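A structural walkthrough
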Amino acid sequence: MLKELIGASTHNIYYKSPIFLQHAFTSVYGYKLKRERYNHLYREALARYVGGEFDKREKLIDFMHHLKRNIGAYAGIGIDETDILGSFLKLPMTTKNDLRYELEARSCRQGQIRFSGTSGTTGESLAVYDSEYDRAARMAYLDYIKFQNGVRPFAKRASFTGQDLTPPDHKNILWRYNLPMNQMLYAANHMTQDNIGYVYGNMARFKPEALDGFPSAIHMVAKYVLNQRLRVNWEVKAVFPTSEILLPHVKADIEKAFGARVIDQYASGEGAPFIYSGRDGVYRLGHETGLFEFRRIDHHLYEMIVTSFINYATPLVRYRINDQVEIDSDQEYMNSYADDIKISRIFGRRSDYLIGSSGNRVTSVGIARAVEGIEDTVAAFQFIQKDLGQFIVNLVVEPGYGVREERIFKERVVRRLGAGCRYQYNYMDRIPKDKNGKARFIINEMSGVK
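Attention in this report is confined to the structure presented alongside it. (Residues numbered from 1 in each chain as written. Predicted model: local features only at pLDDT ≥ 70, side-chain atom pairs only at ≥ 80, totals over all residues. Heavy atoms only, no water.)

1. Here's the deal with the pattern of salt bridges
- Enumeration according to the criterion identifies 18 salt bridges in this entry.
- Close ionic contact of Lys 342 with Asp 340 constitutes a salt bridge, the shortest N to O distance being 3.1 Å. Across the pair, Asp 340 and Lys 342 agree in class, each one exposed.
- Bridged by salt links that share partners, the residues Lys 32, Glu 36 and Arg 114 form one connected network. (Salt bridge = Lys/Arg side-chain N within 4 Å of Asp/Glu carboxyl O. Buried < 20%, exposed > 50% of the residue type's maximum accessible area, 1.4 Å probe, protein only.)

Structure (structure tokens):
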């Protein structure tokens, strides 16, 4: 046995261990992360955010001087402090390839430097550097968002993650406890309609104050609660979905099931600044974390260009992140330094919309309206565009989904995408997920959509 363990990977040792030891290993790793992430730098940053110590102009001036002093690619920039926005707007845009192939020239490797990466919804991974100061600022801002919604740091929370928590033979025990963080982790990539009751049962015993993670997984629990007509007998103060598009009916189901506000939040794994919804449902820009620019590409649809103040190791400078938002405006260009911007919706990547037979663009929110009024009978769905006029539609339906519901759904799909298109409807037990555990609501495989 000893020889077998010595030759095994860390994951294999973890998987071969009894479940109580897997809980212990999870807590040991959680203790390591807590010491690294929640140190004096984190506490200082959180105190600044809570105290409201932020000045747009001073921050932009500091950021510009950091670029000139410490980042080789920006050594020759001009800085006029009397017109700091003008100086900033003269900086060139940054693309993913700039960061991928010129990382050293665009980085400042001072302090405890590590790689911070993202798998990306388009399959194009990217790794940038971050420092202990960057990591502290990021974790502090996440907790600042939660603090504004009544959730204090290290309150009991349930996290739905794509991490490899459980072996394939999990026997429906899909949770592991992280004692130092007061956090129950749930393996979203193993959750199904058949085992979701076990997940809810564990949650009911744990009684988390907050939920976070993949909205598709949280929605599965919410649907179970609603379908079984259960009453959540503990207080959930707020729900913080991340990493996937939050659809309106998903948000409504989660709020109804748990009686809690759903606070949508957006920030890229590459270190982009934060956007999050407030108690009134309107999105806020995290000015303390960066500067946002918006270029109009369609009616009320804007491309987002981000500059991050929370990654000084590899600063994102006017980064074309390829994500899009809806703003009730017809201005061609806006930025968060000079303009009062109110975002209505976050659509995500360009590949997160479908192209109809007439060339019309159908966003995630637009196609989600196909289930309005029949949401109770559709547990989950996914659209895959293979080519112009060819779609695969994957559905997970409830027992109440019948001929009437199918007709309504298909008619609405055709109304949005076109009668001349070819549709393949697949009814399945679960929606296929990416390797990172995310459930992509829209997958556009057309070569012209990137």
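2. Quick word on a nonpolar patch on the surface
- A cluster of nonpolar residues, Phe 20, Leu 21 and Phe 25, forms a patch on the protein surface that exposes about 290 Å² of accessible area.
- Mapping Phe 25 onto the fold places it in helix H3 (residues 19–37). (Patch = residues over 30% accessible without salt bridge, like charges linked within 9 Å, V, L, I, M, F, W, Y side chains within 5 Å. Areas by Shrake-Rupley, 256 points an atom, 1.4 Å probe, with all protein chains shown as cover. Helix = DSSP H or I, 4+ residues; strand = E, 2+ residues; numbered from the N terminus.)

3. Comments concerning helix H9 (residues 196–206)
- When H9 is considered as a whole, its buried residues turn out to be Ile 196, Val 199, Tyr 200, Asn 202, Met 203, Ala 204 and Phe 206.
- Lys 207, located one to two residues past H9, shows a positive phi value of around 60°.

4. Regarding the packing of aromatic side chains
- Enumeration over the complete set of coordinates arrives at 24 aromatic pairs.
- Between the aromatic rings of Phe 383 and Phe 441, the centroid separation amounts to 6.4 Å while the plane-to-plane angle is 80°, which identifies the pairing as edge-to-face. Taken together, the positions of Phe 383 in strand E19 (residues 378–387) and Phe 441 in the loop between strand E21 (422–427) and strand E22 (442–444) put the pair 58 residues apart, joining distant regions of the chain. There is no split in this pair, since Phe 383 and Phe 441 are both buried.
- Between Phe 409 and Tyr 425, the ring centres sit 6.4 Å apart and the planes meet at 75°, which makes this aromatic pair edge-to-face. Taken together, the residues Phe 409 in helix H13 (residues 403–417) and Tyr 425 in strand E21 connect sequence positions 16 residues apart. In terms of burial, Phe 409 and Tyr 425 fall into one category: buried.
- An aromatic cluster is present here, built from Phe 381, Phe 383, Phe 391, Phe 409, Tyr 423, Tyr 425 and Phe 441 joined pairwise through their rings.
- The positively charged end of Lys 146 is found above the aromatic ring belonging to Phe 240, 5.7 Å away from the centroid.
- Above the plane of the ring of Phe 88 lies Arg 318, whose end atom (NZ or CZ) is 5.8 Å from the centre. (Phe/Tyr/Trp six-rings, centres within 6.5 Å; stacked < 30°, edge-to-face > 60°. Lys NZ or Arg CZ within 6 Å of the ring centre and 35° of its normal.)

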